[in-house]
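Here is what each chain is made of, one letter per residue.
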Amino acid sequence: MSHGSTRSNPPNVDDPTLTLFEKIESLKEGVTNILETTAWPGKSAAVARDFLKAIKNAPGLRNTPEPAATSSSDLHNDGQQVIKVLEDVRGRLTGASLKYGAGKEGVSGSIKEVISWGATRSSRILQSCREDAENAWTPLYVTPFEN
């Protein structure tokens, strides 16, 4: 069976040549890739679309007019927290994708849709991941994610 989340290499946020901005953007791309390439079952598909829209609309560090962090040290610490949370979110999404979803080209997604508990569980995981990402971003941005 093919799973969307296994098609790309995870971003290497330990690369010392990457800036804080590049690490966060790389993780956002990794999360986006999982959300886009997984055929989520049942109602989970709508939750995944909402999460995808939210993460794509999240402001980047470069274009944030008024960071809530008051110093570069605060910004760095808050950015490191975002990285930690996005790594966790990416891991949980990868697990949920492998367990409940199928790659876009896969046929098992329609079979899994029949199992409503799978859709409910994956919806809860997706919603929890979105909430964690939004909460992590709060110190960095004045404007929260939009729906």
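In the block above lies the structure referred to throughout.
What comes next concerns the included structure.

About the cut-offs
- Residues numbered from 1 in each chain as written.
- Predicted model: local features only at pLDDT ≥ 70, side-chain atom pairs only at ≥ 80, totals over all residues.
- Heavy atoms only, no water.
- Salt bridge = Lys/Arg side-chain N within 4 Å of Asp/Glu carboxyl O.
- Helix = DSSP H or I, 4+ residues; strand = E, 2+ residues; numbered from the N terminus.
- Buried < 20%, exposed > 50% of the residue type's maximum accessible area, 1.4 Å probe, protein only.

The next subject is the pattern of salt bridges. The full count for this structure, using the stated rule, is five salt bridges. The salt bridge partner of E25 is K28, with a shortest N-O separation of 3.3 Å. Residue E25 and its partner K28 are both found in helix α1 (residues 20–37); the two are separated by three residues, about one turn of the helix. K28 shares its class with E25; the two are buried. With a closest N to O distance of 3.0 Å, R130 and E134 form a salt bridge. Here the residue R130 and the residue E134 both occupy positions in helix α5 (residues 116–137), the gap between them amounting to four residues, near one helical turn. Exposure remark for E134: the relative accessible area of 23% places this residue in the partly exposed category. Residues joined by salt bridges that share partners form a network here, namely D88, R92 and D132.

Further remarks concern the environment of E36. In this structure, E36 sits in helix α1. Residue classification places E36 among the partly exposed positions, given a relative accessible area of 31%. Between the C-alpha atom of E36 and that of L52, which follows or precedes it by 16 residues, the distance is 7.5 Å.

Keep in mind these numbers describe shape, not what the thing actually does.
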